[in-house]
Amino acid sequence: MIIEMLKTTGKVGLSMSKAEETVLYERQGAYIPRIAAIHDLCGYGKCSLGVAIPVLSAAGCDVCPVPTGLFSSHTAFPGWYMHDTTDILNDYLDAWKGIGVDIDAVYSGFLGSAEQVDIIRGVYASYPGALKVVDPVMADHGKVYPTYTPDLCAAMADLASDADLLTPNLTEAAIILGEPIGDAWGGENISDDEAHRIIDALLARGAKNVVLKGIQRGDGLIRNFVAGADTGFFEVKNEFVPYMLHGTGDLYASALLAAIMAGRTLADAVSFAGLLTHDAMLVSAQQPDFQNRGVSFEPLLGKVASLLA
């Protein structure tokens, strides 16, 4: 079926091949779910934990950060500094065990080293009932991020197979699948059939649900394709905003998880995340130096909180 919804921010279309209503987390009454957010912390330039903590908190979640690296700014700025936190993480997480911390979801993004994948698997083992969400932040528009070595890319690809929810862009999907990163992976002219093939291949590797993000066809829309073990292949479309902003991928994945942890269906969560990211890009354009400072979402946190209404 096809559902067309008109919003003040643009036209959104949702097409589903089957009518399943997949819910990845059942919210229970007044209980506040606890999320281990395993991302880097960036001093300037909104991304990673700087996005995940406020967005998930607005959705009524207790966010427990696990910093995979400390950055002075995001890497689009010259002269950025990074401190790799790998050496402290085992002690950091062991201390959680000592005080009985419980976790409902494990949400990982940018990693500082290949060794951190084994650390995340240790978190999975400590909290076997937790929802495992992997945003494989390592590349975009055909380019791998400067701190990502081949070993780290390979480790991230292995981690993707463990995900209950995997949210790659096209470049990251190519890396995970071991396919060449060419011009076609930059986001243009991917057909529905090719998107279906990519998602099927990611599911075959072990991911249970996949959101393939950011497909652009030059028609004024941006597409996210979704499928899973219990979910038919479907597409969510948003108005394309014609400029790039740092941190939009982190905002999308965090908003997606926020809606999931509020008990929304996967289809509703994908729609919510796309709309919130679209609206944040419009808010961002009203800020000085917006294309460098990153995505501005703060005035929209009330929309995230409304997920609990």
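What counts and how
- Residues numbered from 1 in each chain as written.
- Predicted model: local features only at pLDDT ≥ 70, side-chain atom pairs only at ≥ 80, totals over all residues.
- Heavy atoms only, no water.
- Helix = DSSP H or I, 4+ residues; strand = E, 2+ residues; numbered from the N terminus.
- Rg over C-alpha atoms; globule rule 2.2 N^0.38 Å.
- Buried < 20%, exposed > 50% of the residue type's maximum accessible area, 1.4 Å probe, protein only.
- Contact = heavy atoms within 4.5 Å.
- Areas by Shrake-Rupley, 256 points an atom, 1.4 Å probe, with all protein chains shown as cover.
- Lys, Arg positive; Asp, Glu negative; His and termini not counted.
- Charge placed at Lys NZ, Arg CZ, Asp CG, Glu CD.
- Axes fitted to C-alpha atoms, helices over the stretch in contact; angles between N-to-C directions.
- Parallel < 35°, antiparallel > 145°, perpendicular 65-115°, else oblique.
- Nonpolar A, V, L, I, M, F, W, Y, C, P; charged D, E, K, R; others polar.
- Core = buried A, V, L, I, M, F, W, Y, C linked by side-chain atoms within 4.5 Å.
- 1 Å grid on protein atoms, 1.4 Å probe; cavity = no way out; pocket = protein on both sides within 12 Å on 5 of 7 lines; lining within 4 Å.
- Points joined across faces, edges and corners; volume = space filled by probe spheres on them.
- Phe/Tyr/Trp six-rings, centres within 6.5 Å; stacked < 30°, edge-to-face > 60°.
- Lys NZ or Arg CZ within 6 Å of the ring centre and 35° of its normal.
- pLDDT = per-residue confidence, 0-100.
- Polar contact = N/O pair within 3.5 Å; in protein donor to acceptor, adjacent residues only side chain to side chain.
- Pairing = 2+ DSSP bridges.

### Examining the overall build of the protein chain
When you go through the protein chain residue by residue, the secondary structure sums to ten helices and 13 strands. Over its C-alpha atoms the protein chain spans a radius of gyration of 18 Å, differing by no more than 12% from the 19 Å that the globule rule assigns to 309 residues. Projecting the C-alpha coordinates of the protein chain onto the three principal axes gives extents of approximately 50 × 45 × 40 Å. Counting across all 309 residues of the protein chain, residues that qualify as buried make up 55%. Put simply, of all contacts in the protein chain between residues at least 6 apart along the chain, 71% involve residues at least 24 apart. Accessible area of the protein chain: about 12600 Å², with a carbon and sulfur share of 55%. Computed over 20 positive and 37 negative side-chain charges, the separation of the two mean positions in the protein chain equals 5 Å.

### A word on the packing of helix 2 (residues 86-98) against helix 3 (residues 115-126)
Here helix 2 crosses helix 3 at 10 degrees, and the two axes come no closer than 10 Å. Here helix 3 runs roughly parallel to helix 2, going by the angle between their axes. Taking contact as the criterion, the partners of T86, L89, N90, L93 and K97 in helix 2 are, on helix 3, E115, Q116, I119, V123 and S126. Of the residues contributing to the contact of helix 2 with helix 3, the split by class is four nonpolar, four polar and two charged.

### Comments concerning the nonpolar core
Of all hydrophobic cores here, the largest spans 52 residues; its most connected members are L166 and L212. Looking at which element gives the most residues to this core, the answer is helix 4 (residues 150-160), with seven residues. Beyond its immediate chain neighbours, meaning those up to four positions away, L212 contacts P168, N169, L170, A173, A195, I198, I199, R223, N224 and F225. In terms of nonpolar packing, the next biggest core, distinct from the first, is built from 51 residues, V55, A59, V270 and L307 among them.

### Thoughts on unusual backbone geometry
Phi at S48 is positive, roughly 50 degrees, even though this residue is not glycine. The residue D289 is not glycine, and still its phi comes out positive at about 55 degrees. Among the structural elements, D289 can be located in the loop between helix 8 (266-284) and helix 9 (290-293).

### Some words on the layout of surface pockets
As a volume, the largest pocket reaches approximately 1200 Å³. As for the largest pocket, its lining consists of 50 residues, and the residues nearest its centre are D140, M244, L245, T248 and G249. Of the residues that constitute the lining of the largest pocket, the class distribution is 19 nonpolar, 23 polar and eight charged.

### Concerning the packing of aromatic side chains
Going through the model one piece at a time under the given rule, you end up with seven aromatic pairs. Aromatic pair F71 and F110: ring centres 5.4 Å apart, planes at 85 degrees, arrangement edge-to-face. Here F110 lies in the loop between strand 6 (105-108) and helix 3 and F71 lies in strand 4 (residues 62-73), a separation of 39 residues in the sequence. Exposure class is identical for F71 and F110. Each is buried. Members of the aromatic cluster, each reached through a chain of ring pairs, are F71, W80, F110 and Y148. In this arrangement the basic side chain of K132 is found over the ring face of Y124, its NZ or CZ atom lying 5.6 Å from the centre.

### Things to note about the confidence of the model for the protein chain
Of the residues in the protein chain, 91% reach a pLDDT of 70 or more, and the chain-wide mean stands at 90. This stretch, residues 1-19, has a pLDDT under 50; its non-local contacts, to residues over four places away or in other chains, come to 49 contacts.

### A word on the side chain of R223
With respect to the helices and strands, R223 occurs in strand 12 (residues 221-228). R223 sits in the buried class, given a relative accessible area of 7%. At 2.7 Å, the side chain of R223 and the side chain of E235 are in polar contact.

### Section: the pairing of strand 13 (residues 231-239)
Of all the nine residues making up strand 13, eight are buried; the element is thus mostly covered by neighbouring parts of the structure. Here strand 12 runs beside strand 13; their pairing, made up of seven bridges, is antiparallel. Each residue of the ladder has a partner; that of F225, found in strand 13, is E235. Counting the residues that bridge the hairpin from strand 12 to strand 13 gives two residues.

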